[in-house]
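Commentary on secondary and tertiary structure
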Amino acid sequence: MGANEAKLYFSTELLNWYNTHKRDLPWRRSRNPYYIWISEVMLQQTRVETVIPYYHRFIEQFPTVEALADAPEEQVLKAWEGLGYYSRARNLQAAVREVKTSYGGQVPDSKEDISSLKGVGPYTAGAVLSIAYNKPEPAVDGNVMRVLSRYFLLRDDIAKPSTRIGMEKLAKELIPEGKAGDFNQALMELGATVCTPKSPHCLTCPVMELCAGRLEGAADELPVKTKAKPPRPERRAVAYIEGAGTESGRVLIRQRPKEGLLARMWELPHVQLPETLQASAGRAGADADAGADAAAMRFLREKLEAEYGLLVEPVEPMMDTEHTFSHIEWRMRVYRCRFAGFTEGAAAAGDRGGDAGQASGEQQEKTTFLWFGEEELRQYALPNVFVRILQQAPPADSPKS
DNA sequence: AAGGCGGGGAA
DNA sequence: TTCCCAGCCTT
């Protein structure tokens, strides 16, 4: 069996299989390059089932390049709330604005032009070019690398950039004449539904007869991929600050800095506890933690005042929760706090949000605080971990039992 | 080349 | 629990 024969068999059978087995996905009902692009960005590191509702809402809210380009960033971030990797949303809008101003609103159809857009890497460029324009460009993602690793018995570490380059070369050779869009999608579809990471469904695979990985009994060990480092744990004390008087029923939130983790998202104020306070905070309500809670509450109060001129009086622990990022694990304890104002020099939080100057760090950007209630729910984007806390926390004005 | 950057579903 | 998902960007 020659190598070329195995390749032709692979492409032919895969394409035939796709034509009868492809899922009916929203973005497959359109050839609009803008819609394809939106879907591809949302699908980066995110599952199809998760993306579908976001996709519908997003194209309804921003139906054209122009609509997204002209929208306030706050609104775009809100539409992305819960999807994660929020730089995708900011990069997408920046790129769409570039398309509006430099490309007359038309999504570029050349590799060079589309690759110059923010957030458009090798995969997304190939996906849009092939699916929307049927250009013979490879679109190599995790699915494709897994499928090719198994079928061609490639033991290269797919975590290495050099491996992806090789896969792209191979994938491009496999594209049947005039069928780039369908073939690339077929490759990913096979990886998503048949050639799965664990226990692949080889018996229903359209190319199992010549799959070198299966014939070698190595399908389960492929692809080779170096393990990621485990996330580093961080203990954090969160301030659940209830409003009083005209702000009754609301909770104080702040906006994160414009760069870095969860950039420009809103959240409950929180501080990382120093190592000396990290060890003991573990189980809410346990007597043994009373001292640790007292120390954590004191640290929380002092830190918020020093950093933001925010005066609070922590009252008691409310709940514990964890949130794991790719590289950090937040172990959080939420403390109910009484609001006691801002120090002189730090503007009070108002309906429109007030700037609170930071006592330390002359070059740091100012932090905006505001009272978050029912009316603000639709406007401000919060990471899921804080949405969960707010949902579980009892209403601020409800009597405690 | 390595690390930052979310969140959730599947096994 | 562990893995990894239709990846990209910065250093």
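The coordinates are above.
Rules used throughout
Residues numbered from 1 in each chain as written. Chains lettered and ligands numbered in written order. Predicted model: local features only at pLDDT ≥ 70, side-chain atom pairs only at ≥ 80, totals over all residues. Heavy atoms only, no water. Helix = DSSP H or I, 4+ residues; strand = E, 2+ residues; numbered from the N terminus. Buried < 20%, exposed > 50% of the residue type's maximum accessible area, 1.4 Å probe, protein only. Contact = heavy atoms within 4.5 Å. Areas by Shrake-Rupley, 256 points an atom, 1.4 Å probe, with all protein chains shown as cover. 1 Å grid on protein atoms, 1.4 Å probe; cavity = no way out; pocket = protein on both sides within 12 Å on 5 of 7 lines; lining within 4 Å. Points joined across faces, edges and corners; volume = space filled by probe spheres on them. Disulfide = S-S within 2.5 Å. Pairing = 2+ DSSP bridges. Salt bridge = Lys/Arg side-chain N within 4 Å of Asp/Glu carboxyl O. Near = heavy atom within 4 Å. Polar contact = N/O pair within 3.5 Å; in protein donor to acceptor, adjacent residues only side chain to side chain. Nonpolar A, V, L, I, M, F, W, Y, C, P; charged D, E, K, R; others polar.

A closer look at the overall build of chain A
Of the regular secondary structure elements, chain A holds 15 helices and 8 strands. Burial status across chain A gives 49% buried among its 401 residues. Across chain A, contacts joining residues at least 24 apart in sequence account for 67% of those joining residues at least 6 apart. Surface accessibility of chain A: about 20100 Å² in total, with carbon and sulfur atoms responsible for 49%.

Overview of the layout of surface pockets
Taken as a whole, the largest pocket encloses approximately 1400 Å³ of empty space. Lining the largest pocket are 38 residues, and of these Leu-43, Gln-45, Asp-141, Gly-142 and Asn-143 lie nearest its centre. At 6 residues, the largest contribution of residues to the lining of the largest pocket is made by helix α11 (residues 180-193).

Regarding the state of the cysteines
Overall, the coordinates contain 0 disulfides when judged by the stated rule. Note on Cys-202: no disulfide assigned, nearest cysteine sulfur contributed by Cys-211 at a separation of 6.2 Å. Residue classification places Cys-202 among the partly exposed residues on the basis of a relative accessible area of 22%. There is no disulfide at Cys-205, and the cysteine sulfur nearest it, in Cys-195, is 6.3 Å away. When its relative accessible area of 14% is taken as the criterion, Cys-205 is described as buried.

Notes on the pairing of strand β6 (residues 328-342)
Remember that side chains alternate between the two faces of the sheet whenever the strand is regular. Burial runs high along β6: 11 of the 15 residues are buried. Taken together, the 11 bridges between strand β1 (residues 232-242) and β6 define a ladder with parallel strand orientation. Each residue of the ladder has a partner; that of Tyr-240, found in β6, is Arg-336. In this structure, strand β5 (residues 310-324) lies alongside β6, joined through 12 bridges in antiparallel fashion. Paired with Thr-321 across the bridge in β6 is Met-332. Here β5 hands over to β6 after 3 residues, the two strands then running antiparallel side by side.

Some details on unusual backbone geometry
For the bond running from Leu-222 to Pro-223, omega is 0°, close enough to zero to count as cis. Along the chain, the position of Pro-223 falls in the loop between α12 (212-215) and β1. In this structure, Tyr-85 is a non-glycine residue whose phi angle is positive, near 45°. As for its position among the elements, Tyr-85 is in the loop between α5 (73-80) and α6 (87-102).

Considering the pairing of β1
Summarising burial for β1: 9 of the 11 residues are buried, a large majority. Alignment of β1 against strand β4 (residues 270-272), held across 3 bridges, turns out to be antiparallel. Looking at β4, one finds that Arg-236 is bridged to Gln-272.

A few points about the environment of Asp-109
Assignment of secondary structure puts Asp-109 in the loop between α6 and α7 (111-115). Taking the C-alpha atoms as reference, Asp-109 lies 8.3 Å from Lys-135; in sequence the two are 26 residues apart. With near-sequence residues (within four places) excluded, Asp-109 lies in contact with Leu-129, Tyr-133 and Lys-135.

Quick notes on the pattern of salt bridges
If you walk through the whole model with that rule in mind, you get 24 salt bridges. Arg-29 is the salt-bridge partner of Asp-24, the closest N and O atoms lying 2.5 Å from each other. Pair check on accessibility: Asp-24 and Arg-29 agree, each one exposed. Its salt-bridge partner being Glu-73, residue Arg-264 comes within 2.8 Å of it at the nearest N-O pair. One end of the pair, Arg-264, is in the loop between β2 (251-255) and β3 (266-267); the other, Glu-73, is in helix α5, and 191 residues separate them in sequence. The class for Glu-73 is partly exposed, based on a relative accessible area of 25%.

Considering the protein's contact with DNA strand C
Near DNA strand C you find 26 residues, and of these Gly-119, Tyr-123, Thr-124, Asp-141 and Asn-143 are the closest. Backbone atoms, meaning sugar plus phosphate, form 58% of the atoms of DNA strand C positioned within 4 Å of the protein. In the model, a phosphate oxygen of DNA strand C is placed 3.0 Å from a nitrogen or oxygen of the Gly-121 main chain. For the surface near DNA strand C, the secondary-structure elements that each account for two or more residues are α8 (122-133) and α9 (142-151). Of the residues belonging to the surface near DNA strand C, the class tally is 10 nonpolar, 7 polar and 9 charged.

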